[in-house]
Amino acid sequence: MKHESQTQDDAAEAQNFSRRNLLRLVGGGAGLLAVAGSGALTWRAADNGVFAEGSGPAYEPWNLPAPTGRADLVRAAILAANAHNTQPWIFRVEDSYIDLFADSGRTIGTIDPLLREQQISLGCALENLMIAAPALGLQAIAELVPDSADPGHIAHIELRESSAAASPLLKAIPVRHTDRAAYRTDQAVPRQTLDRYRRAAEDDAVSLVWLSEPEVRQAFGDITVRATEAIIADPDQAADDYRWYRSDWNDIQTLRDGVTIDASGQSAFIRGAAKILPTTQQQNHDGWLRGTRDTQVSTAAAFGAIMVADGHDVAARLSAGRTFQRLHLMATGDGLAMQPLCQVLERVDREESAGLDDVFNRELADLLPGAGKAIMTFRIGYPTVAAPPSPRRAVEEVLLTAAP
Ligand SMILES: Cc1cc2nc3c(=O)[nH]c(=O)nc-3n(C[C@H](O)[C@H](O)[C@H](O)COP(=O)(O)O)c2cc1C
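Remember, predicted model here, so these are calculated numbers, not experimental data.

### Points about the site of the ligand
The local shell around the ligand holds 21 residues, among which Thr178, Arg180, Gln339, Cys342 and Arg392 are the closest. One nitrogen or oxygen atom from the main chain of Pro340 is found 3.0 Å from a nitrogen atom belonging to the ligand. For the ligand, whose accessible area on its own is 620 Å², the fraction buried by protein is 95%. Broken down by secondary-structure element, the contributors of at least two residues to the shell around the ligand are α5 (116-132) and β9 (337-340). Examining the composition of the shell around the ligand, we find that three residues originate from one element, α5, more than from any other.

Below, the structure is given as structure tokens:
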């Protein structure tokens with residue numbers, strides 16, 4: 001089907017592109033050549049996936065089939081955005097319902113001490129599943145947190161026969177990717193588009209606030225850079241963040257999770273170099289800070305904040321996740337790029353859980369006065385390059401029982 005051939009074309013293009021860049025790397029990288037002969041360098045490059053971006057078993061789930069059975073709804077769900085690509089979900093699939101559970105082993109420690117991001121991620125997966133159901137002739141009706149005795153039971157989703165038309169957002173599911181590269185600075189996102197997204201986000205539990213004027217954009221960018229510095233300076237947060245980075249190609253293909261260098265938004269040259277010469281935690285975090293400051297916040301056309309009344313309420317977090325995922329699919333369909341940018345909230349949660357002075361909490365509240373509590377923040381803009389996919393575990397790994 002279209003997605004498959006598209007992915008193959010993209011992979012071929014990425015391969016050619018990467019080969020060209022490796023030649024640049026070999027040709028221009030005197031420092032690298034000092035540590036390895038070009039033959040050995042090319043071998044190491046091949047072994048570490050420099051030529052193979054987006055290929056191999058870890059990326060196969062992106063070849064999403066048109067739904068023909070219940071498990072295909074889960075195949076759509078696992079392509080959702082999720083914090084640090086932890087994929088914190090387990091599904092029980094039966095003929096008339098699907099249960100969604102949190103995987104308590106897949107957390108980000110002190111980066112997400114209150115499980116806010118984990119629960120938003122589960123909301124994102126739920127939204128993909130709900131969007132895919134009509135294509136299978138089913139209506140999905142979700143009950144959030146259905147069992148008060150089991151907080152890990154995130155949703156019970158009833159499946160009923162239905163003649164509802166397939167959602168127009170379905171086709172965006174396998175092409176939506178977090179875009180961490182620069183966005184175009186010569187093209188603002190039209191006000192009407194931002195307003196349309198705000199209206200689409202609005203429901204009983206959730207609202208969306210845009211930070212699009214230069215002054216507030218600058219202020220949110222500054223606080224995000226400072227929050228990034230604070231995370232890097234906090235030994236526990238720094239270590240917990242780094243635990244989910246994947247630089248080894250073999251790890252990527254076997255673990256099939258985490259944030260990869262390919263998805264970092266860095267140039268092909270830097271990506272190739274990082275794969276050939278493994279980086280330390282400090283080097284990785286230096287690159288993250290540089291990327292955040294010099295590329296991500298400085299090229300955002302606008303920042304969005306998803307707001308709820310009570311940031312600790314699990315159902316509200318799930319609704320926020322559903323909203324974020326829906327917005328990202330809409331944006332993908334409109335040719336726009338998005339990236340969650342949550343360092344400030346990660347510091348806010350850290351302050352609360354570790355009993356620290358709540359400096360980031362107060363600064364963020366000052367930026368977003370009177371509109372509830374921000375629980376998910378992101379940037380939006382027109383892309384400069386196509387965002388690459390991130391790895392995903394196979395559907396069989398996240399099913400509690402064999403699916404009907
Ligand atoms: C709650 C939540 C928080 C996230 N925070 C960040 C973030 O601060 N920075 C970032 O680059 N990506 C962030 N992401 C994006 C994930 O890292 C991304 O969804 C994941 O790596 C999978 O990649 P994909 O979205 O391209 O499929 C977040 C996603 C979610 C759902």
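After presenting the structure, the write-up continues.
### Side note on the packing of aromatic side chains
Evaluated as defined, the whole model comprises five aromatic pairs. Ring centres of Phe324 and Phe378 lie 5.5 Å apart, and the angle between their planes is 65 degrees; on these two criteria the pair is classed as edge-to-face. Here the residue Phe324 occupies a position in helix α12 (residues 314-333), and Phe378 occupies one in strand β10 (residues 373-381), the gap between them amounting to 54 residues. Accessibility classification places Phe324 together with Phe378 in one group, the buried group.

### Here we look at the pattern of salt bridges
Evaluation of the coordinates by the stated rule reveals 26 salt bridges. Note that Arg116 and Glu117 form a salt bridge whose closest N and O atoms lie 3.2 Å from each other. Exposure class is identical for Arg116 and Glu117. Each is buried. Of the charged contacts in the structure, one is a salt bridge between Asp195 and Arg191, with a shortest N-O distance of 3.5 Å. Taken together, the residues Asp195 and Arg191, both in helix α6 (residues 191-201) and four residues apart, mark about one turn of the helix.

Rules used throughout
- Residues numbered from 1 in each chain as written.
- Predicted model: local features only at pLDDT ≥ 70, side-chain atom pairs only at ≥ 80, totals over all residues.
- Heavy atoms only, no water.
- Near = heavy atom within 4 Å.
- Polar contact = N/O pair within 3.5 Å; in protein donor to acceptor, adjacent residues only side chain to side chain.
- Areas by Shrake-Rupley, 256 points an atom, 1.4 Å probe, with all protein chains shown as cover.
- Helix = DSSP H or I, 4+ residues; strand = E, 2+ residues; numbered from the N terminus.
- Phe/Tyr/Trp six-rings, centres within 6.5 Å; stacked < 30°, edge-to-face > 60°.
- Buried < 20%, exposed > 50% of the residue type's maximum accessible area, 1.4 Å probe, protein only.
- Salt bridge = Lys/Arg side-chain N within 4 Å of Asp/Glu carboxyl O.

Purely geometric numbers; function is a separate question.
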